[in-house]
Amino acid sequence: MGKGMRVLLGVSGGIAAYKIPYLVRGLVKAHHEVRVVLTRHAREFVTPLTLETLSGFPVLTSLFEIHGSSMPHIEEPFRADLMVIAPATANIIGKIANGIADDLLSTMVLALDAPLLVVPAMNTRMYRHPAVQANLEILRKRGVHLLEPGTGELACGEEGPGRMAEVEEILRVLENLGLLKGPLRGKKLLVTAGPTVEPVDPVRVLTNRSSGKMGYAVAAEALRQGAEVMLISGPTCLPPPEGVDFVAVETAWEMQEAAEKHFPRYDVLIMTAAVGDYRVETPAKEKMKKGEASLTLHLVENPDILKSLAGRKRPDQFLVGFAAETGSLREKACRKFTAKGVDLLVANDVTEEGAGFGSDMNRVLILDRTGKVEETGLLPKSEIARRILGRIVDEAFPP
Ligand SMILES: Cc1cc2nc3c(=O)[nH]c(=O)nc-3n(C[C@H](O)[C@H](O)[C@H](O)COP(=O)(O)O)c2cc1C
């Protein structure tokens, strides 16, 4: 089960704002994450405290309430899967139709890169005004989803169109437009993550510095986008994301066995795990005693899981490999892409300060079959995960 979408909910200063707590509750109940933005005038109709309590997140009200380096007017619309403005006043409709950005909500709309549903609500005469109708037409032409107001008695006592659609209808329309469905709903993703651990003797191991953070971020984001996810992981300090089908392994052989066993049932395999290239040929049965001035361990090569699975891949399956390199990243990544037979390769330089192993940030190159190389810049791993999954959706499941 997916964990739901990130909904940015803008509330402007109309009387129908009193119904919005029910909309927040409906979305949260359906496991969506709701971030509420109130205009200054909306606060006259509904309190931030109510919406904060129901959404579980601080309500955003001011453009200039900045904490540290965060800039919510850009970051929130960037993170959102969709935005809803309800009720949408004549004023906010006019502002977004004309690109005006003079408060937090209107500024966020300009920074939005996701679908937008506008739910107008106003007095009938205001609604029929040619200026409002012209602004609505601009939004329609721009591809904004509009949920026309209903006809009936309005709060001001007049009759006619202008009444905000009921909360149930807003939820139904979001559902019908497919806006609440994650792009990976119905898809099965297998993710490997973390390091592998090879025994030297009963107390010592050979391993690597992988923290598992990148793979766990991919698994969490895939779940959120509606996918069914299995995570095969080497030992890490991270809790498995809630809802994931979790398989714990230690050695490269165990990881290979688990990946080969489950791969046939999955649409996509994303191999973020840092699989050790070598293992000790014959681990000692008992703890090796200290005494010699030097010690030689005889290492043998581990299986190349990525290559082996690329060889078994059906045409309907999609394979994503990861390459952790040190220096000459682009060159090494291109070589690895050709050698491994993957559909997408994500490469990072693990020596970069503040990125890669153990860090919450990463900077990667994404290589595809057409030879295109996308450079992400330094981003949180959750955002890198979103970029990678976006590419998988585009390439493995085109509309
Ligand atoms: C009691 C009351 C109810 C209002 N209801 C609406 C409404 O339903 N729709 C609307 O467009 N404006 C309504 N307004 C006017 C808006 O609040 C006003 O145009 C304001 O500038 C909107 O600001 P905002 O879009 O930034 O929230 C109402 C004003 C008052 C005093």
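### Remarks on the pattern of salt bridges
At step 1: The tally for this structure, following the rule as stated, stands at 31 salt bridges.
At step 2: With a shortest N-O distance of 3.3 Å, Arg 330 and Glu 375 are connected by a salt bridge. Placement of Arg 330 in helix α12 (residues 329–340) and of Glu 375 in strand β20 (residues 373–375) is noted, with a sequence separation of 45 residues between them.
At step 3: Judged by relative accessible area, Arg 330 falls into the partly exposed class, the value being 43%.

### Overview of the site of the ligand
At step 1: Taken together, 14 residues sit near the ligand, with Gly 13, Thr 39, Thr 89, Ala 90 and Ala 121 positioned nearest.
At step 2: The side chain of Asn 91 places a nitrogen or oxygen atom 3.0 Å from an oxygen atom of the ligand.
At step 3: A distance of 2.8 Å separates a nitrogen atom of the ligand from a polar atom in the backbone of Ala 121.
At step 4: In the complex, the protein chains occlude 65% of the 640 Å² of accessible area that the ligand would expose alone.

### A look at the sheet that holds strand β12 (residues 245–248)
At step 1: Strand order in the open sheet formed by 8 strands is β12-β11-β8-β13-β16-β17-β19-β20, and the pairing between neighbours is mixed. If you trace the sheet from one side to the other, it starts and ends with β12 and β20, each paired once. On average, each strand axis in the sheet is tilted by 15° relative to the strand beside it, whichever way the strands run.
At step 2: α12 rests against β16 (318–325), β17 (344–349), β19 (365–368) and β20 of the sheet, and its axis sits at about 150° to β17.

### Brief notes about the packing of helix α9 (residues 213–224) against helix α13 (residues 381–396)
At step 1: Relative orientation of the contacting elements α9 and α13 amounts to 60°, with a least axis distance of 8 Å. For the element pair α9 / α13, the angle class is oblique. Crossing of α9 against α13: the hand is right-handed. Across the interface between the two elements, Lys 213, Met 214, Ala 217, Val 218, Glu 221, Ala 222 and Arg 224 from α9 touch Lys 381, Ser 382, Ile 384, Ala 385, Arg 386, Ile 388 and Leu 389 from α13.
At step 2: Of the residues assigned to the contact of α9 with α13, the class counts are 8 nonpolar, 1 polar and 5 charged.

### A closer look at the domain arrangement of the chain
Quite often, the size of an interface is put as the accessible area lost when its parts meet.
At step 1: As far as domains go, the chain holds domain 1 (6–176) and domain 2 (188–396).
At step 2: Summarising the inter-unit geometry, the C-alpha centres of domain 1 and domain 2 are found 41 Å apart.
At step 3: The interface of domain 1 with domain 2 comprises 5 residues on the first partner and 5 residues on the second.
At step 4: In total, domain 1 and domain 2 occlude about 400 Å² of area from one another, counting both sides; carbon and sulfur atoms represent 31% of this.
At step 5: Among the residues domain 1 hides against domain 2, the three largest losses belong to Arg 6, Phe 78 and Asp 81. Together they make up 89% of the total.
At step 6: On the surface where domain 1 and domain 2 come into contact, there are 2 salt bridges.
At step 7: In this structure, Arg 386 engages Asp 81 in a salt bridge whose closest nitrogen and oxygen atoms are separated by 3.5 Å.
At step 8: Where domain 1 touches domain 2, the interface holds 4 residue pairs in polar contact (both at pLDDT 80 or more).

Cut-offs used in this document
Residues numbered from 1 in each chain as written. Predicted model: local features only at pLDDT ≥ 70, side-chain atom pairs only at ≥ 80, totals over all residues. Heavy atoms only, no water. Salt bridge = Lys/Arg side-chain N within 4 Å of Asp/Glu carboxyl O. Helix = DSSP H or I, 4+ residues; strand = E, 2+ residues; numbered from the N terminus. Buried < 20%, exposed > 50% of the residue type's maximum accessible area, 1.4 Å probe, protein only. Near = heavy atom within 4 Å. Polar contact = N/O pair within 3.5 Å; in protein donor to acceptor, adjacent residues only side chain to side chain. Areas by Shrake-Rupley, 256 points an atom, 1.4 Å probe, with all protein chains shown as cover. Pairing = 2+ DSSP bridges. Axes fitted to C-alpha atoms, helices over the stretch in contact; angles between N-to-C directions. Contact = heavy atoms within 4.5 Å. Parallel < 35°, antiparallel > 145°, perpendicular 65-115°, else oblique. Left-handed = near helix turned anticlockwise from the far one by under 90°. Nonpolar A, V, L, I, M, F, W, Y, C, P; charged D, E, K, R; others polar. Domains from an automatic or database assignment. Buried area = accessible area lost by both parts, 1.4 Å probe.

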